[in-house]
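Topology and contacts: notes
Next come the chains, spelled out residue by residue.
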Number of protein chains: 2
Amino acid sequence: MLYAGLMSAIPPFPTPQEPVDHPELLQLGSAMAADEPCLRADAARNRARLLEAAARLVAERGADAVTMEAVAAAASVGKGTVFRRFGDRTGLLTALLDHSEKKFQAAFLAGPPPLGPGAPPVERLRAFGRAMLRRSADELDLQLAAEPCAPRRFTIPARSVLRHHVAVLLRQIVPEADCELLSYTLMGQLDPALIHHLTSQRGIPLARLEDAWIALVDRVAGAPPAG
Amino acid sequence: MLYAGLMSAIPPFPTPQEPVDHPELLQLGSAMAADEPCLRADAARNRARLLEAAARLVAERGADAVTMEAVAAAASVGKGTVFRRFGDRTGLLTALLDHSEKKFQAAFLAGPPPLGPGAPPVERLRAFGRAMLRRSADELDLQLAAEPCAPRRFTIPARSVLRHHVAVLLRQIVPEADCELLSYTLMGQLDPALIHHLTSQRGIPLARLEDAWIALVDRVAGAPPAG
DNA sequence: AAGAAACTGGACCGTGGTCCGGTTAGAGTG
DNA sequence: CACTCTAACCGGACCACGGTCCAGTTTCTT
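Residues numbered from 1 in each chain as written. Chains lettered and ligands numbered in written order. Predicted model: local features only at pLDDT ≥ 70, side-chain atom pairs only at ≥ 80, totals over all residues. Heavy atoms only, no water.

With respect to the side chain of B:T185
Heads up, the rule is: What counts as a helix is a DSSP run of H or I of at least four residues, what counts as a strand is a run of E of at least two, and both are numbered from the N terminus. It only takes one pair of heavy atoms within 4.5 Å for two residues to be counted as in contact.
Here B:T185 is to be found in helix 8 (residues 179-188). Not counting residues up to four positions away in its chain, the partners in contact with B:T185 are A:T185, A:Q189 and A:L216.

Some details on the state of the cysteines
Let me state the cut-off plainly: Note that a disulfide, as used here, is simply two cysteine sulfur atoms within 2.5 Å. For every residue, the accessible area (1.4 Å probe, protein chains only) is compared with the maximum for its type, and the residue is labelled buried under 20%, exposed over 50%, or partly exposed between those bounds.
Applying the stated criterion to the full structure yields one disulfide over all chains. Across the disulfide, A:C149 is cross-linked to B:C149 (sulfur-sulfur distance 2.1 Å). One end of the pair, A:C149, is in the loop between helix 6 (140-146) and helix 7 (157-173); the other, B:C149, is in the loop between helix 6 (140-146) and helix 7 (157-173), on a second chain. The partly exposed category is assigned to A:C149, whose relative accessible area is 39%.

Focus: the protein's contact with DNA strand C
Using the following cut-off: A cutoff of 4 Å decides nearness: a residue is near a molecule or strand if any of its heavy atoms lies inside that distance of it. Pairs of N or O atoms are called polar contacts if they sit within 3.5 Å, as long as, within protein, a hydrogen donor faces a hydrogen acceptor (for residues adjacent in sequence, only side-chain-to-side-chain pairs). Residues are grouped as follows: nonpolar covers Ala, Val, Leu, Ile, Met, Phe, Trp, Tyr, Cys and Pro; charged covers Asp, Glu, Lys and Arg; every other residue, Gly included, is treated as polar.
Of all residues adjacent to DNA strand C, which total 21 residues, the nearest are A:R40, A:N46, A:G78, B:A41 and B:K79. A share of 62% is what sugar and phosphate atoms reach among the atoms of DNA strand C within 4 Å of the protein. Here a phosphate oxygen of DNA strand C and a side-chain polar atom of A:T81 are 3.0 Å apart. Of all the elements, helix 3 (residues 79-86) of chain A adds the most residues to the surface near DNA strand C, at five residues. A class-by-class count of the residues in the surface near DNA strand C yields six nonpolar, five polar and ten charged.

Things to note about the protein's contact with DNA strand D
Around DNA strand D lies a shell of 22 residues, among which A:K79, A:R89, B:N46, B:G78 and B:G80 are the nearest. For DNA strand D, the fraction of atoms within 4 Å of the protein that belong to sugar or phosphate moieties is 63%. A:M68 is positioned such that a nitrogen or oxygen atom in its backbone is 3.1 Å from a phosphate oxygen of DNA strand D. A distance of 3.3 Å is found between a base oxygen of DNA strand D and a backbone nitrogen or oxygen belonging to B:G80. Looking at the surface near DNA strand D, the elements that each hand over two or more residues are helix 1 (41-61) and helix 3 of chain A together with helix 1 (41-61) and helix 3 (79-86) of chain B. Ranked by residue count, the leading element in the surface near DNA strand D is helix 3 of chain B, at five residues. The class makeup of the residues in the surface near DNA strand D is six nonpolar, six polar and ten charged.

Structural notes on the interface of chain A and chain B
This is how it is decided: The buried area of a pairing is the accessible area, by a 1.4 Å probe, that goes missing from both parts when the two are put together, added over both. A carboxyl oxygen of Asp or Glu within 4 Å of a side-chain nitrogen of Lys or Arg is what we treat as a salt bridge.
Across the contact, 36 residues belong to chain A and 36 residues belong to chain B. Counting each side, the surface lost to burial between chain A and chain B is near 3,300 Å², with a carbon and sulfur contribution of 60%. Together, A:L181, A:T185 and A:R219 form the three largest contributors to the area buried by chain A at its contact with chain B, with a combined 20%. For the pair chain A and chain B, the number of links is ten salt bridges. Close ionic contact of B:R202 with A:E180 constitutes a salt bridge, the shortest N to O distance being 3.2 Å. Viewed at the interface, chain B and chain A are joined by 16 residue pairs in polar contact (both at pLDDT 80 or more). Of the residues contributing to the side of chain A that touches chain B, the split by class is 19 nonpolar, seven polar and ten charged.

Right under this line is the structure:
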């Protein structure tokens, strides 16, 4: 099992990953064929071993067990190496999710309708929510664990890409609205932490979340479903 | 300066604060006259000193400087005492915010319109968003620092109260909708972390956030503002 | 072969959180 | 009021983890 990398080449040390101010251009394809940008042979090998070890830890003992030290030990590698490669814990977890993330991006950017281009925007937005909800339902532990603390929640590049996609669709549906801000609102309903809270802690079935998403999209699109 | 406490009596030790499964009843007035439930004299004194010390640290060196050890030292108290009293770091920060929180709750539960009862629900909802945005704009550091990590974000009692209020208003406005879930969505737009990201990191002025809130409420209420 | 750039690993630090032996407030009793 | 008893409280030693640093090693280039 191989994972793609979203780390670019890392200078000396203290420059893990830049916030990416304006990810106006969607990535995907930038570093897709070349799984390892320009990594030295030993570095690439260690990187692979670390991801493999981390994945094993997640599978066997849950995301909480993915301690930086545990991963390092399981990969027979020094702790510093883990940090150098992935920046911090979030970075490592994010890298673990990278594979499915890329697949998902490909699906809504270039896949078949209704998720991909070809269907009317409202239709695509509905499908997007459904897909997000289902994807988050699996991988929930990891998604939660990968979430950084408060101030950086909205700087995650992957999330920015998703949100931007929503904004683009919204502009086609309700051009007169503040689609940028509206996209944040809609994305809020698909937040892994919220999904976890509603399903695990309040026992709300996923189907109801999907219905709520559809209703929300309709409401925003200006066609109240039952009013 | 005295702060109200939202900690109930704490049994032996490892029971900091219960999740409060169904906060259907709004608090406010439960432990309002009695600032300290049944706290022993020395405990109450230490509690006050701790809050005072924490507030001083925030004022002088920012929320990041509020280390549990630093607070303990500044209050000339043992570290264990801080944890016993407030459960964890978020608990301490939450207690610091408690005063303004209570004031805010009082304002929309029993204050003058349009925030309080008396105005039509849509009007109250608009006012609620405005008030939240402005309140979060001050206190932003504290609000951010007080936010617990991913899985517990939605279990904060104070947030639950606010969200519940929104749900109640929504039920009066769009009874046919899934107001429970809709309230989560609306609250998402008022999340301190989002506000911080938009204003501090993307330079979006608060006024635009307020406009977006109004527009969102109108949209949800089924009366598209310009369509 | 040799030099430079990149990588490695583990010692080190600060912080959040736990534990438990010792201390004290304050109620009950005479 | 003095004494005693107990539950609650206190404090700081202790642990685990995330994150940093840097001296020594390895890879790649020329």
